[in-house]
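For reference, the chains in residue letters:
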There are 2 protein chains.
Amino acid sequence: MLKQYIKAAKREVKADLVLKNATYLDVFCGKLRKGDIAIVGEKIVGTGEYAGVEEIDCSSLTVLPGYIDGHVHIESSQLSPEGFASLIVPRGTTTIIADPHEITNVCGIAGCAYIAKSSKNVPLDVKIQLPSCVPATPFETSGAILAGKDIEENIGKDYIFGLGEFMNYPGVVNCDSDVLKKLEAAHSSGKIIDGHAPSLSGYELNAYLCGGISTDHECVTGEEIEEKISKGMYVHIRHGSSTRNLENAKFMTDENYRRFILCTDDRHAADLKQKGHIDDALKNLVKMGVDPIRAVICATLNAAECYNLKFRGGIAPFWLADLVAVSDMKNFEAKYVFKSGKLVAKDGKPLFDTTTRHLPESVLNTVKLKEIGAKDFTLTLKGNRAKAITIEPGGIVTGCEIVEVESRDGDVVLKGTDLLKLAVVERHKMTGNIGKALLKGYGFKGGALGITIAHDSHNIILLGDDNASLAKAANTLKEIGGGMVVVNSKSGETHSLTLDIGGLMSSRDAESLQRDSRTLIDLAHKMGVKRDYEAFMSLAFLSLAVIPKLKLLDTGLFDVEKFGFTDIDA
Amino acid sequence: MLKQYIKAAKREVKADLVLKNATYLDVFCGKLRKGDIAIVGEKIVGTGEYAGVEEIDCSSLTVLPGYIDGHVHIESSQLSPEGFASLIVPRGTTTIIADPHEITNVCGIAGCAYIAKSSKNVPLDVKIQLPSCVPATPFETSGAILAGKDIEENIGKDYIFGLGEFMNYPGVVNCDSDVLKKLEAAHSSGKIIDGHAPSLSGYELNAYLCGGISTDHECVTGEEIEEKISKGMYVHIRHGSSTRNLENAKFMTDENYRRFILCTDDRHAADLKQKGHIDDALKNLVKMGVDPIRAVICATLNAAECYNLKFRGGIAPFWLADLVAVSDMKNFEAKYVFKSGKLVAKDGKPLFDTTTRHLPESVLNTVKLKEIGAKDFTLTLKGNRAKAITIEPGGIVTGCEIVEVESRDGDVVLKGTDLLKLAVVERHKMTGNIGKALLKGYGFKGGALGITIAHDSHNIILLGDDNASLAKAANTLKEIGGGMVVVNSKSGETHSLTLDIGGLMSSRDAESLQRDSRTLIDLAHKMGVKRDYEAFMSLAFLSLAVIPKLKLLDTGLFDVEKFGFTDIDA
């Protein structure tokens, strides 16, 4: 190809495509420049005055390098990679560093391979970070375990880009031998390791970094950012659905701004659809007063440099023709998006096939249960005082409240209380494990809710006020192969939505999925779930044993602060 | 090793070495900070307060990352890699990107292998760029030819870091198929390609860059720098012996300064010894008014990023412990130099073995000649008007002057003129080629001078006013295996100095070599060489057929502007 590039660059032949009369961003000098951008194959071959076989007028547009999302879990969109791309590519994102942590917890390495292969169907570069901490804790039953030897076996594979966020920072700091094996394997294969070290500082941060970890997306204070950057880390500014740290941009200086990257981490399809992706982060950063050129540099060149993506993230000869032509650097409305030199989206609409074409057996039918009956949800207490989980505002941190409860026939009586039964039903290995607990203050009445998304092991999490509805919910989730369910004991009706891919994501298109999802959520709220909570997604974090305080695993009630199991009897 | 790093980082065990109470440069935030720097093995493990098995007080010093020379030909020092390291490591340079273009012209790939292996003897990281343009032109006889297939065969080797400066820019722009083969080979192996494109701009520069070329060290104007940086190149600021472009630093801005790198390209041992290396560049940059912190960032982090040297060029946990403790950021006097965590120089003196230990047959005895006689230097003209070479001030660019000359017995008469005979004697392939020409205005009288350094093919270049002395000089150079020679026809004395390594470099120590070299140079000046010229090194560029205007090759007189041979008769 070099010959074609060179001949077109010197105007001996026409370029394949020319963006005419553009204002374009020179990320290297931090300047806007004027000219045509000539493209041959997947490369930019020159800027200046060019003629092309195809020409697109960009005289009223500003052309930027395609955006790079430095850290994202596709699964949080509940969409397949194809569906995810259908929402983000038209927004101008052309590369993502994806950590398929969720699907890997369910399906193991096959989950990574699935994301990698599906991504080939869409004009989006998906760089796969091998999840480093599967499962998140050793206390629960997950679909897969990636031990040190598994990381050693897989990290060198071509489709694996690096090692995903190393959440187990105590393991690093305490020199856990299997943890070190994972890190050493990544270094041996020359691959980058993403970090995740909320609030870590001083000597503990030094120790963590001695694992050879390059990035962090958990910073919340200026002091933390300054320290992490000064110790060589790239810091991601996050624009997720729940966790948003755009205000971190105020700590950018003339000297350190090249060490900031943008990412979304976890972002729901509804936000992607209605607000946007990295484009929305840029818009908000500029609104906050961040220099628009620097904001874009964070989302392009900085990320490319951090992740060693050579010849990407800039507009220059031989650089990858990943480009987005926007209205202006205030609203960042994407008029045209080009991936590897091809026009792939226009006016916010994808110009590519967005249907889910790759759907291997390995990620389907992942809800493995024996038939479950009402009696499986009997909750027998020793006395009449029990620990109940409460959910703090925000939906992720929980509390523990001691409640007085009555029992009848060896089962707690919920009627007349604001307590609900919470159950985590193991769904990967047919262990028959069911963890049971009490949840206070959620508001729901008259049946059960259930979902197969329950971070990070993604067992079934159920909520309800009668055992038969709970059993019905579990069995429905098994039947449909994973997803969300609402059982109404009064009407006898059951409504569900299938998340066929690992019980986490849907192979359907983004629009119809969101519509049906909305319907179920509304139904749950109608049955009393307080508007403070996201009916299903608030449940999805009740199993996450790395966030305080009281959580429920398939193996029992878990006290995160003591980092061990605890008895329900108070 | 990770375990040892981590344990020391969190102060569970002592570090191997601690630089106590240092002021150190945080290149990421562009700030000076205070603290101890803890080192284990080859890595920095932390900054803060540390205790070490060994501790060095740095309370009055500023600790910087070790300097990186982004582009250098070791051969220009006339020293072996060991000798070269003896001069630059004590100055604070710990990594060089070395292009062994000269020795490769003489010895082929064996020259690269020699530099790579010798470098292992010294505490200096020498990253070998495979010379891309051997020979520099197809018109002359060199010791080796590296064709596209040779680059394909060697570029992937572990000890080869990238592809050296691509000087043949017309070949790139004109899509020469062998040139493209070299570039494609470098891309296939994922290796970086250095550039060399003096004055190239606009569409020709676009075309050149479409070869996938990353750097340039030939910029001389602000406009050129701005264009090259805006098109994605890193620009080297050069501080060689002859070519010095430190003034280019005035084109650094807040936005583009991360795209500048420092290099020396060609720097003589005398300059290295007396003035310094990258430290001298820094000193001069600061004297010019460049922010010292930014100057150091150019010499460290920027170079590391350009050349993809991860975890190098900064002071942070897990980063390579290549450090230099300097007096201040004005004089940059290196008190201590640490390479990979070991103290390797103190007070400007190396603490390592600087003797040349690796001296393979493949780089020795490279002067291959049949016995040469006086009559071989007969220069027969058709008439009495001839083209003579003149040397412009600066010593590299030459001119052409038409001179009137007498002939006797079929040979030009030099007596009573300011003309000298210039001869280039092929010394690699025993072709018997001798190129002959006239040189005007050099001033030398009464014998001959000769040297086996003659860019870039390094045949023997001779200068003299009688044929017997010229023959004597050639035969002496053969005898000693390459080097420099002065023949005095009046005294009958011959003085010489051996450059045993490829006829380019000496296996002797820097000091004694320089002393003897100085003696020969003084001798040449005593015999009349004008002080405008560097007696021998000015000769060494008279064969360089890529620099205007009239040059002499072993194959004949060459007009660089017409890029072809020319007749001596005017």
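In this text the structure is predicted, and so the values were computed from the model without any measurement.

(A) Focus on the sheet that holds strand β13 (residues 260-263) of chain A. Residues and elements named next belong to chain A. In space, the three strands of this open sheet follow the order β11-β12-β13, with parallel pairing throughout. In the strand order of this sheet, the two ends are held by β11 (215-216) and β13, each with one partner. Of the strand pairs in this sheet, β11 and strand β12 (residues 234-238) are connected by two bridges, and their pairing is parallel. Its bridge partner lying in β12, D216 is registered against V235.

(B) Region of the structure containing the interface of chain A and chain B. Across the contact, 61 residues belong to chain A and 61 residues belong to chain B. Roughly 5,000 Å² of surface becomes buried between chain A and chain B when both sides are summed, with 56% attributable to carbon and sulfur atoms. Linking chain A with chain B are eight salt bridges, by the criterion used here. Counting across the interface, chain A meets chain B through 22 residue pairs in polar contact (both at pLDDT 80 or more). Elements supplying a minimum of two residues to the side of chain A that touches chain B: α1 (2-9), β2 (31-40), β3 (43-48), α6 (169-173), α7 (177-188), α8 (202-209), α9 (222-230) and α12 (292-306) of chain A. The element that contributes the greatest number of residues to the side of chain A that touches chain B is α1 of chain A, accounting for six residues. Partitioned by chemical class, the residues of the side of chain A that touches chain B number 29 nonpolar, 14 polar and 18 charged.

(C) Inspection of the state of the cysteines at higher detail. This model, assessed by the stated rule, comprises zero disulfides over all chains. Between C58 of chain A, a cysteine without a disulfide, and C210 of chain B, which holds the nearest cysteine sulfur, the sulfur-to-sulfur distance is 19 Å. No disulfide involves C219 of chain A; its nearest neighbouring cysteine sulfur is the one of C263 of chain A, lying 11 Å away.

(D) Main features of the environment of I229 of chain A. Position of I229 of chain A relative to the elements: it lies in helix α9. I229 of chain A sits 21 residues away from K250 of chain A along the chain, and the two C-alpha atoms are 14 Å apart. Setting aside anything within four residues of it in sequence, one finds I229 of chain A in contact with V235, N256, R259 and F260 of chain A together with F28 and C29 of chain B.

(E) Fine view of the relation of the copies chain A and chain B. Between chain A and chain B, which share one sequence, the superposing operator has a rotation angle of 180° and an axial displacement of 0.0 Å; the RMSD is 0.2 Å. Taken together, the rotation and translation relating the two chain copies correspond to the operation of a two-fold axis. In terms of C-alpha distance to the rotation axis, chain A has D254 of chain A as its closest residue, with the C-alpha 3.2 Å off the axis. The fraction of interface residues of chain A whose copies in chain B are also interface residues reaches 100%, indicating that both copies meet through the same surface.

(F) How the structure looks around the environment of Y203 of chain A. Examined against the element boundaries, Y203 of chain A turns out to sit in helix α8. Expressed as a C-alpha distance, the spacing of Y203 of chain A and V560 of chain A, which sit 357 residues apart in the sequence, is 24 Å. Discounting residues that sit within four places of it in the chain, Y203 of chain A has contacts with A9, K10, R11, T47, G48, E49 and Y50 of chain B.

(G) The pairing of strand β10 (residues 192-195) of chain B, seen in detail. All names here are of chain B. Burial along β10 is two-sided: the residues I192 and D194 and I193 and G195 are all buried. Both strand β9 (residues 160-166) and β10 contribute to a ladder of three bridges, which runs parallel. Across the sheet, residue F166 finds its bridge partner in β10, namely G195.

(H) Structural context of the side chain of H71 of chain B. All names here are of chain B. Examined against the element boundaries, H71 turns out to sit in strand β6 (residues 67-72). Since its relative accessible area comes to 1%, H71 is described here as buried. A distance of 3.4 Å separates polar atoms of two side chains, one belonging to H71 and the other to H73. Among all residues touching H71, those that are not within four sequence positions of it are I97, D99, E165, H217, H236, C263, T264 and D265.

(I) Broad picture of the packing of helix α11 (residues 278-288) of chain A against α12 of chain A. All names here are of chain A. Where α11 contacts α12, the two axes come as close as 9 Å, and the packing angle between them is 150°. Comparing their axes, α12 and α11 come out roughly antiparallel. Crossing of α11 over α12 shows right-handed handedness. Each of I278, L282, L285 and V286 in α11 lies in contact with α12, whose residues at this interface are P292, A295, V296 and A299. Classifying every residue of the contact of α11 with α12 by side-chain character gives eight nonpolar, no polar and no charged.

(J) Quick peek at the packing of α1 of chain A against helix α7 (residues 177-188) of chain B. Two elements in contact, α1 of chain A and α7 of chain B, have axes separated by 10 Å at closest approach and are oriented at 115°. Between α1 of chain A and α7 of chain B, the residues in contact are L2, K3 and I6 of chain A and L180, L183, E184 and H187 of chain B, respectively. Its residues assigned to classes, the contact of α1 of chain A with α7 of chain B shows four nonpolar, one polar and two charged.

(K) Main features of the packing of aromatic side chains. All names here are of chain A. According to the stated counting rule, one finds 26 aromatic pairs over all chains in the structure shown. An angle of 75° between the planes, with centres 4.9 Å apart, marks the rings of F28 and W319 as edge-to-face. Pair noted here: F28 is in the loop between β1 (15-26) and β2 and W319 is in the loop between α12 and β14 (323-326), with a separation of 291 residues, a long-range link. There is no split in this pair, since F28 and W319 are both buried. Each ring, one from F558 and one from F565, has its centre 5.4 Å from the other, and the planes form 85°; the classification is edge-to-face.

(L) Just the confidence of the model for chain A, in detail. Averaged over chain A, the pLDDT score is 96; the fraction of residues at 70 or greater is 100%. Taken together, the chains of this predicted complex give a pTM of 0.95 and an interface ipTM of 0.95.

(M) Region of the structure containing the side chain of S77 of chain B. All names here are of chain B. Position of S77 among the secondary structure elements: in the loop between β6 and α2 (81-88). Of note is the side chain of S77, whose polar atom sits 3.1 Å from the backbone nitrogen of L79. In contact with S77, not counting residues within four places along its chain, are F84, R267, H268, A269 and L272.

(N) Focus on α12 of chain A. Residues and elements named next belong to chain A. Between its terminal C-alpha atoms α12 stretches 20 Å, which fits the 21 Å expected from 15 residues at 1.5 Å a residue. At C298, α12 shows its strongest bend, of approximately 40°. α12 sits mainly inside the fold: 14 of its 15 residues count as buried. Where α12 terminates, the next one or two residues include N308, which has phi positive at roughly 55°.

(O) Representation of the pairing of strand β25 (residues 460-464) of chain B within the structure. Residues and elements named next belong to chain B. Taking burial as the measure, the five residues of β25 include five buried ones, the bulk of the element. Every second residue of β25 is oriented toward a common face, with I460, L462 and G464 on one face and I461 and L463 on the other, all of them buried. Pairing of strand β22 (residues 419-425) with β25, which is carried by five bridges, proceeds in the antiparallel orientation. Residue K421 lies in a different strand from β25, and its bridge partner there is G464. Bridge analysis of strand β24 (residues 447-451) against β25 gives four bridges, and the strand direction is antiparallel.

(P) Highlighting the environment of V40 of chain A. Residue and element names in this part refer to chain A. As for its position among the elements, V40 is in strand β2. Take V40: its relative accessible area is 4%, and that puts it in the buried class. When the C-alpha atoms of V40 and V425 are compared, they prove to be 54 Å apart, with 385 residues separating the residues in sequence. Apart from residues lying up to four places away in sequence, V40 is in contact with M1, Q4, Y5, A8, A15, D16 and V45.

(Q) How the structure looks around unusual backbone geometry. Residues and elements named next belong to chain A. Cis geometry is found at the peptide bond from H455 to D456, where omega equals -10°. Along the chain, D456 turns up in the loop between β24 (447-451) and β25 (460-464). Even without being a glycine, F332 presents a positive backbone phi close to 55°. Assignment of secondary structure puts F332 in the loop between β14 and β15 (334-339). Taking relative accessible area as the criterion, F332 reaches 1% and is therefore assigned buried. A positive phi is found at M430, a non-glycine position, where the angle reads about 55°.

(R) Just the pattern of salt bridges, in detail. For the coordinates displayed, the defined rule picks out 64 salt bridges over all chains. Between R515 of chain B and D516 of chain B there is a salt bridge whose closest N-O contact spans 3.7 Å. Owing to a relative accessible area of 53%, R515 of chain B belongs among the exposed residues under this scheme. The exposure class assigned to D516 of chain B is partly exposed, which follows from its relative accessible area of 27%. In the salt-bridge network here, residues are joined through shared partners; they are D26, K31 and R33 of chain A together with E226 of chain B.

Reading the values: the criteria
- Residues numbered from 1 in each chain as written.
- Chains lettered and ligands numbered in written order.
- Predicted model: local features only at pLDDT ≥ 70, side-chain atom pairs only at ≥ 80, totals over all residues.
- Heavy atoms only, no water.
- Pairing = 2+ DSSP bridges.
- Helix = DSSP H or I, 4+ residues; strand = E, 2+ residues; numbered from the N terminus.
- Contact = heavy atoms within 4.5 Å.
- Buried area = accessible area lost by both parts, 1.4 Å probe.
- Salt bridge = Lys/Arg side-chain N within 4 Å of Asp/Glu carboxyl O.
- Polar contact = N/O pair within 3.5 Å; in protein donor to acceptor, adjacent residues only side chain to side chain.
- Nonpolar A, V, L, I, M, F, W, Y, C, P; charged D, E, K, R; others polar.
- Disulfide = S-S within 2.5 Å.
- Least-squares fit on C-alpha atoms with pLDDT ≥ 70 in both.
- Buried < 20%, exposed > 50% of the residue type's maximum accessible area, 1.4 Å probe, protein only.
- Axes fitted to C-alpha atoms, helices over the stretch in contact; angles between N-to-C directions.
- Parallel < 35°, antiparallel > 145°, perpendicular 65-115°, else oblique.
- Left-handed = near helix turned anticlockwise from the far one by under 90°.
- Phe/Tyr/Trp six-rings, centres within 6.5 Å; stacked < 30°, edge-to-face > 60°.
- pLDDT = per-residue confidence, 0-100.
- Expected span 1.5 Å × (residues − 1).
- Bend = angle between axes of the 7 residues up to and from the residue.

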